[in-house]
Amino acid sequence: MKFKLHNRFKSLLGGLLAINLLFVAPAMASIQEQASDTAKVEQVAAPAVTADSTAALADSAATTAATDSATVSASSSSSSTTTPTATTTKEEKKIDPQVYKNLTYYILLFLVLCTVVAVIGKVQSIYVLTKKVNGKYNPLANNTLQAVLLFVFLVGFLGFVWYGYAVWGSWSWRPAATEHGKDIDRMFIITTVIITVVLVLVHIALMTFTYIYRMRAKRKAYFYPHNDAIERLWTIVPAVVLTILVLFGFFTWRSITNIPEELKKSALQVEVLGEQFMWTVRYPGTDGEFGKRNYKLTTPLNSYGIDYNDKNAWDDVKGDEIVIPVNKPVRFHILSKDIIHSFYIPDFRVQINAVPGMTNYFQFTPTITTDEMRDKMNDPQYNFVMLCAKICGESHYNMQKNVRVVTEAEYKEWLSKQAKFFTEDLQKEFAQTEGSEKKDERIAASIN
Ligand SMILES: [Cu+2]
């Protein structure tokens, strides 16, 4: 049987190659690490060392051997010429897990996996061909195997879903620390329950049907092209459920954001300005009003762009973190200096975009102080945190601020200790520009 032998030969060769690659891949990766280390050493070491290693490279025929000897010659000669470099090289070599971050390693690993899959495929096809040749081939046996495998998958999948909820569920769940947070949580729970029921039922139907109705000998498929009643059912029921969920979301969001004017004004006002890659927090000071802001006024000293011609700005306070009193409504004014960021406090169920050129608002009432939350979490280090939830650039992860919920008295004490935006340097700068402006006015008046 010429054909069979040919195939066996190929799969044997593939198998050998796969095993070979499995051993070679990590070795190659570590050799490359060493080679890059050697290159570093060569750059520092005397020119003679470089000549040595190039000679060694030229001499040996196999590439692996060449790299090895180069490493040896370079490290040995460098240890004799430049001792400090050699010691640092040795230290670097200790970080072995770096090998697994090597691109070559992953490429080779991928090739190995491809080869293994190809070999399994070949072996399978040889098996089928052998059965065909011997006249023992039953095409339907494979159907039963596939159906059983799908059923096994179903059991594993449902177990995994259960595990996800039972074990990981609590990792992602913390009690909401705001009044409106409870509404959002209720919505989230209802949606999750509906989704889970649908997920489980659909998967059970999918994978038991493939078993029950698998192709068997002397079985004929029932031709069932159309059923209006079923079509109506599976169109209308999801449409109604989704409409209810959307309306539920709409009304919840409206109840959170639709706040009467007087409550908007009576709330504590805090302004947050996002930029790449930091947040700046502004409290309005004793007058309760923010000074005007204009991006055109941004200078190195006045990076917030506050207009100090507006006297409301003079007492504006810069917060080193976000501190708010418990059980008091707070109205956040969310701004951006450059691109879109997102103001996000997960524990408060608060998230809204910071958009350049416009102000977004989020008003809420925190119900749990940081200390109470620490007790609840049984973690004395626990902190609420405000994050940027919009991937906005390479240092996006830097855009965090501590949020502390405290009693009213603690809040007032903290606020009194914070620095003002209108620093002495700024006051001088402001006095100068104001003086020159008045001078300009006087000159203009005299010309006229
Ligand atoms: Cu950001």
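About the criteria used
Residues numbered from 1 in each chain as written. Predicted model: local features only at pLDDT ≥ 70, side-chain atom pairs only at ≥ 80, totals over all residues. Pairing = 2+ DSSP bridges. Helix = DSSP H or I, 4+ residues; strand = E, 2+ residues; numbered from the N terminus. Axes fitted to C-alpha atoms, helices over the stretch in contact; angles between N-to-C directions. Core = buried A, V, L, I, M, F, W, Y, C linked by C-beta atoms within 7 Å. Buried ≥ 20, exposed ≤ 12 C-beta atoms within 10 Å, placed from the backbone. Contact = placed C-beta atoms within 7 Å. Parallel < 35°, antiparallel > 145°, perpendicular 65-115°, else oblique. Left-handed = near helix turned anticlockwise from the far one by under 90°. Nonpolar A, V, L, I, M, F, W, Y, C, P; charged D, E, K, R; others polar. Expected span 1.5 Å × (residues − 1).

1. Description of the sheet that holds strand S3 (residues 317-319)
Turning to step 1, where the next piece is worked out: Read across the open sheet, the five strands follow the order S3-S2-S1-S5-S8; overall the sheet is mixed. The open sheet terminates on both sides in strands that have one partner only, identified here as S3 and strand S8 (360-364). Within the sheet, the average angular offset between the axes of one strand and its neighbour, ignoring direction, is 30°.
Turning to step 2, where the next piece is worked out: Sheet analysis places strand S1 (residues 268-275) next to strand S5 (residues 330-336), joined by seven bridges and oriented parallel.

2. Describing the nonpolar core
The nonpolar side chains of a soluble globular protein tend to be buried with one another.
Turning to step 1, where the next piece is worked out: Counting residues in hydrophobic clusters, the biggest one holds 34 residues, and the most contacted among them are Val-272, Phe-343 and Ile-345.
Turning to step 2, where the next piece is worked out: Within the residue set of this core, elements represented by two or more residues are S1, strand S2 (278-283), strand S4 (322-325), S5, strand S6 (341-345), strand S7 (350-354), strand S9 (384-388) and strand S10 (400-406).
Turning to step 3, where the next piece is worked out: Here the element with the most residues in this core is S5; it accounts for four residues.
Turning to step 4, where the next piece is worked out: What Val-272 contacts, discounting residues up to four positions off in sequence, is Trp-279, Val-281, Phe-332, Ile-334, Leu-335 and Phe-343.

3. With respect to the packing of helix H6 (residues 139-168) against helix H7 (residues 181-212)
Turning to step 1, where the next piece is worked out: Packing of H6 against H7 leaves a shortest axis separation of 8 Å and a crossing angle of 165°. Considered as vectors, H6 and H7 are oriented roughly antiparallel to each other. Of the two possible hands of crossing, H6 and H7 adopt the one that is left-handed. Note on element contacts: H7 touches H6 through Leu-199, Val-200, His-203, Ile-204, Met-207, Thr-210 and Tyr-211, opposite Ala-147, Val-148, Leu-150, Phe-151, Phe-153, Leu-154, Phe-157, Leu-158 and Val-161.
Turning to step 2, where the next piece is worked out: A breakdown of the residues in the contact of H6 with H7 according to their chemical character gives 14 nonpolar, two polar and no charged.

4. Some remarks on the pairing of S1
Turning to step 1, where the next piece is worked out: In terms of strand pairing, S1 meets S2 through five bridges, oriented antiparallel. Residue pairing for S2: Val-272 is matched across the bridge by Val-281.
Turning to step 2, where the next piece is worked out: The hairpin turn running from S1 into S2, its antiparallel successor, is two residues long.

5. Comments concerning the pairing of S7
Turning to step 1, where the next piece is worked out: Pairing of S6 with S7 involves five bridges; the strand directions are antiparallel. Paired with Ile-345 across the two strands is Val-350, which belongs to S7.
Turning to step 2, where the next piece is worked out: Linkage of S6 to S7, two consecutive antiparallel strands, is achieved through a turn of four residues, within which Arg-349 is found at a positive phi near 55°.

6. Let's talk about the sheet that holds S10
Turning to step 1, where the next piece is worked out: Spatial strand order, S4-S10-S9-S6-S7: five strands in an open sheet with mixed pairing. On the outer flanks of this sheet lie S4 and S7, each paired with one strand and no other. Pairs of neighbouring strands in the sheet enclose a mean axial angle of 20°, with direction left out of account.
Turning to step 2, where the next piece is worked out: Relative to S9, S6 runs antiparallel, the two sharing two bridges. Paired with Tyr-344 across the bridge in S9 is Leu-387.
Turning to step 3, where the next piece is worked out: Packed on one face of the sheet, helix H11 (residues 408-416) meets S4 and S10 and runs near 145° to S4.

7. Here's the deal with H6
Turning to step 1, where the next piece is worked out: Spanning 30 residues, H6 covers 43 Å between terminal C-alpha atoms, matching the ideal 44 Å at 1.5 Å per step.
Turning to step 2, where the next piece is worked out: Of all 30 residues in H6, one are buried; the element is thus mostly exposed.

8. Some points on the environment of Lys-337
Turning to step 1, where the next piece is worked out: In this fold, Lys-337 is placed in the loop between S5 and S6.
Turning to step 2, where the next piece is worked out: Looking at Lys-337, the number of C-beta atoms within 10 Å reads 18, which means it is partly exposed.
Turning to step 3, where the next piece is worked out: Between the alpha carbons of Lys-337 and Tyr-304 there is a distance of 8.6 Å; along the sequence they are 33 residues apart.
Turning to step 4, where the next piece is worked out: Those residues within four positions of Lys-337 in sequence are excluded, and the remaining contacts are Leu-273, Gly-274, Glu-275 and Pro-356.

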